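Report on the structure
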Amino acid sequence: MDSADQTTVAVYDPTAIETKWRQRWSERGTNVTDISGAARPYYALMMFPYPSAEGLHVGNLFAFTGSDIFARFQRMQGLDVFEPLGYDAFGIHSENYALKVGVHPAEMIPRNIANFRRQLERGGLMVDWSRSLSTTDPAYYRWTQWVFLQLYKQGLAYKKEAAVNWCPSCKTVLANEQVIAGECERCGSKVEQRFLSQWFFGISRYAERLLDNLDSLDWSETTKTAQRNWIGKSEGAELWFDDIKVFTTRADTIYGATYVVLAPEHPLVDQYTTNDQRAAINAYRDRAASSDLVTRKTSKEKTGVATGGSVTNPATGERIPVWVSDYVLMEYGTGAIMAVPAHDERDLEFAHGFELPVKKVVHEDETLIDSGEFTGMTVHDAKRAIVDMLVAKGKGAAVTNFRLHDWCISRQRYWGPPIPIVYCDTCGVVPVPEDQLPVLLPFIEDFKPDDSGVSPLARHDEWYRVPCPTCAEMARRETDVSDTFLDSAWYFLRYPSVGADVAPFDPAITRKWLPVDSYIGGNEHAVLHLLYSRFVTMVLHDAGFLDFDEPFIKFRAHGLIIREGAKMSKSKGNVVNPDDYIDTWGADAFRTYLMFLGPFEEGGDFRDKGISGVKRFLDRLWASVRDADATGDVDIEVQRKLSATIKKVSEDVPRLSYNTAIAAMMEYMNVLRRGERTPRRAEVEPLVQLVAPFAPYLAEELWEQLGHGHGASVFDSRWPEFDPALLVEDEIELVVQVNGKVRGKIRIARDAGQDDAYTRAMEEPGVARFVTSKPKKVVFVPGRLLSVVI
RNA sequence: GCUCGGAUGGCGAAAUGGGUAGACGCGAGGGACUUAAAAUCCCUUUCGGUAAAACCGAAUGCGGGUUCGAGUCCCGCUCCGAGCACCA
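Quick caveat, the model's predicted, so the values are computed rather than measured.

From N to C terminus, chain A includes 26 helices and 30 strands. If one aligns the C-alpha atoms of chain A with their principal axes, the spans along those axes are about 105 × 85 × 50 Å. Across the 790 residues of chain A, 53% fall into the buried class. Put simply, 72% of the contacts in chain A that link residues at least 6 apart link residues at least 24 apart. As displayed, chain A has an accessible area near 34,900 Å², and 50% of this comes from carbon and sulfur atoms.

Right, let's get into the pattern of salt bridges. Oppositely charged side chains can pair when the atoms bearing their charge come close. Under the criterion given, the structure shown has 47 salt bridges. For R747, the salt bridge is made with E731, and the minimal N-O distance between the two is 3.1 Å. Of this pair, R747 sits in strand β28 (residues 741–749) while E731 sits in strand β27 (residues 731–738); the two residues are 16 residues apart in sequence, bridging distant segments of the chain. Note on R747: relative accessible area 44%, which makes it partly exposed. Using a relative accessible area of 40% as the deciding quantity, one classes E731 as partly exposed.

Moving on, we get to the protein's contact with RNA strand B. As a matter of local geometry, RNA strand B sits amid 56 residues, with T249, K302, Y332, R346 and R616 nearest to it. Sugar and phosphate atoms form 65% of the subset of RNA strand B atoms that lie within 4 Å of the protein. Here T249 contributes a backbone N or O atom positioned 2.5 Å from a sugar or linking oxygen of RNA strand B. Measuring from a phosphate oxygen of RNA strand B, one finds a side-chain N or O atom of R743 at 3.0 Å. At six residues, helix α22 (residues 658–672) tops the list of elements feeding residues into the surface near RNA strand B. Among the residues making up the surface near RNA strand B, the classes are represented as 19 nonpolar, 16 polar and 21 charged.

What follows covers the packing of helix α19 (residues 587–596) against helix α24 (residues 696–705). It is at 7 Å that the axes of α19 and α24 come closest, and there the two elements cross at 125°. When the interaxial angle is binned, α19 and α24 end up oblique. Residues A587, D588 and R591 of α19 touch α24, and the partners they reach there are P696, Y697 and L698. For the contact of α19 with α24, the class distribution of residues is four nonpolar, no polar and two charged.

Taken in spatial order, the five strands of this open sheet run β2-β1-β23-β24-β8, and their pairing is parallel. Each having just a single partner strand, β2 (80–82) and β8 (218–219) make up the two edges of the open sheet. Across the sheet, helix α2 (residues 58–76) lies against β1 (41–46), β2, β23 (518–522) and β24 (554–558), angled at about 170° from β1, the strand it touches most.

Right, let's get into the packing of aromatic side chains. Per the counting criterion, the structure on display carries 48 aromatic pairs. Centroid distance Y158 to F200: 5.9 Å. Interplanar angle 20°. Geometry classified as stacked. Residue Y158 is located in strand β3 (residues 157–167), and its partner F200 is located in strand β7 (residues 192–201); the two are separated by 42 residues in the primary sequence. Relative accessible area serves as the criterion here: at 23%, Y158 is assigned to the partly exposed category. Seen in terms of ring centroids, Y327 and F350 are 5.2 Å apart; in terms of plane orientation they differ by 50°. Their pairing is tilted. In this pair, Y327 is assigned in the loop between β13 (319–324) and β14 (336–339) and F350 in helix α11 (residues 345–354), connecting sequence segments 23 residues apart. Exposure class is identical for Y327 and F350. Each is buried. Three or more aromatic residues link up through ring pairs in this structure, and these residues are F148, Y152, W199, F201, Y206, W407, F485, Y532 and F535. Positioned above the aromatic ring of F715 is the side chain of R72, whose terminal nitrogen or guanidinium carbon lies 4.4 Å from the ring centre. The residue whose ring lies beneath R743 is F770, and the NZ or CZ to ring-centre distance is 3.6 Å.

Conventions and cut-offs
Residues numbered from 1 in each chain as written. Chains lettered and ligands numbered in written order. Predicted model: local features only at pLDDT ≥ 70, side-chain atom pairs only at ≥ 80, totals over all residues. Heavy atoms only, no water. Helix = DSSP H or I, 4+ residues; strand = E, 2+ residues; numbered from the N terminus. Buried < 20%, exposed > 50% of the residue type's maximum accessible area, 1.4 Å probe, protein only. Contact = heavy atoms within 4.5 Å. Areas by Shrake-Rupley, 256 points an atom, 1.4 Å probe, with all protein chains shown as cover. Salt bridge = Lys/Arg side-chain N within 4 Å of Asp/Glu carboxyl O. Near = heavy atom within 4 Å. Polar contact = N/O pair within 3.5 Å; in protein donor to acceptor, adjacent residues only side chain to side chain. Nonpolar A, V, L, I, M, F, W, Y, C, P; charged D, E, K, R; others polar. Axes fitted to C-alpha atoms, helices over the stretch in contact; angles between N-to-C directions. Parallel < 35°, antiparallel > 145°, perpendicular 65-115°, else oblique. Pairing = 2+ DSSP bridges. Phe/Tyr/Trp six-rings, centres within 6.5 Å; stacked < 30°, edge-to-face > 60°. Lys NZ or Arg CZ within 6 Å of the ring centre and 35° of its normal.

Okay, here's the thing in structure tokens:
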């Protein structure tokens, strides 16, 4: 009551400050990018979230904050940064949740988005909300359908029969995500396969290019490796055993090929089946066709039947038997292999099971044995020589295969963009003309999949019966919707052009802003999302819509957040809810703590108590500005530390080494306020700027308190520079080792030579004591250490 | 099985063109201020020989090696995590 100074001692109140600045930023348009006027455009992208009903996950905020810090840093370097964010709201995930809680996704999603938006805004992201988007908005998915049509025009969208996961109990098609260990995630029934006619994108035609381009991308090496493995290039050969063409990468082992195996679906099975084996073969094929995908994929035991037929080994001229087994996959290579049990584990297992001969043809030293004219050759040379020989005989060809399969985009579901195709009895398959897009997804109550195996949309005559766009006769719409991955395969092209006159992307704007300069996201999308985005970009480039063919110049994957050493999960009830922490500690402390708990690219362990240390740091920053002395003399040691800190933070932030950047700022704070020292204004001001990307609200408030008001955002200030001269000390500490052990440290002139250092070191009793005889050797690393060997 | 990560104090973690292991923070202990508490500030905190200081020794999952010197490089393992999974 009588404490007079209470009126002048302002207290750091995160809630008040954060509310104030959220409002100011919105009024001033601080985070709105001048898309057409920007002189130095920089596109900082983060993976847009699926707006779940549970609200924003701390993992989302961790990823976004990491991206946001880098973006804010770039802005303070003077770049015109564009940081957009939208919602990936279509798909099986929403639909299943909607089914579970009995709310229509069309009602649920807008609610979820509103909640996400609220939470994201609290998080203090520099997002330009004027250019947001949701994949469920007809104004967006109209162009997703347009993308489909471009692929169709290029001959890259086609229909074929393909297996889907079928739950016999729920009588519905399941997405791969719904199949857990071969069972339906809802009822636990064994999942079967059914064949449906579905739409595919010909991504495999781009395999070579998708692989080659990786070399020139600035991406995390782990992500590139994952893509390379997924694309799975293997160079080998097709070799002809009479009519059967087998694919192999080990042509050098052909002398050890003791039998041939066909996939059950292989078209030549009948031709090689003898009468007495026909019944057994047919039974085996029926079983293979009806057996569910999973048994086939997980069971290790090899099954099979002999056809009774045989073929000629083109290298040896021997007759070898032809078998049928489902361990050979029709969808890879030629659906036929030459089995070399001595040099292939699977073949060996099969040979053991059926007592087939095993013939070793490669010696331990990687040279051939028992291989006719090729005996003695290295594996490497023999591969080529044998293929060359068979090619010359007209019995083979060098062939490259890829694991990458075409992309099935059909979903027999409701919650997605309808595939813009009409089937007409007269005209056949007719793409919906571009000017008739979007094909709106109708609001239907019964969106639950049923046992028909087709999309719920197929139950609505009023929707799917339409006049043919070409002949106007009554025709039928395609009732499948497209894969969510298609929605997200082009969204980054859309953001800068949201609100522009030309859609889906304005050419001038796109030239200016794309490709994306920096993309940060989860490694769970290392393969599919990133690969599909690259593919769609290549196709649009080839069709003349884009002048670049790689969408993301730089990509970094962030790590995962765990809590108290354990994975977060709803069932464990240990999920961090950002709202709770922001209420208690403020968004700035929460953000900074998330970045402090481990290396951004590795993730970290969220420990509830840890956040107090970061909050204390921000409190001290607040107090430093409050107490700052505008006139006092600067301390040279503090100035040195400041320069070192600016250097460290400036180097760490671009490497996303946020935890060490924060540690450096804390170290500086310890020097700044050591003891009862009053910090000088000039010592505090640059620190406010360094902290700004991490704790944007607080920094903005302190920037204003330091007298930079009048609408000048700290984010429009220029990043502080350090004085290199202050980093160089005249006298340094030199470590002295004797026989590899540290025996002393001496202070010595920075440019002192070995002799000076040695003389000086011997004056140290702690060192001299161990130098009991004339040194055998002395190693001197200027500025670092002196190592004496006795 | 294959591929890619990882293993450092009581805890989260720093430090890799080989050069003081443990920065920074949490926790813990002690002190100052306070009637008291909170807050704040200061000090200590890898382990062992000792209670402390000085000093000495050991120590970065395990076993070897290279080197004046290894958390870092090489060889051989163990364990944990993630992804792919009969791709010939």
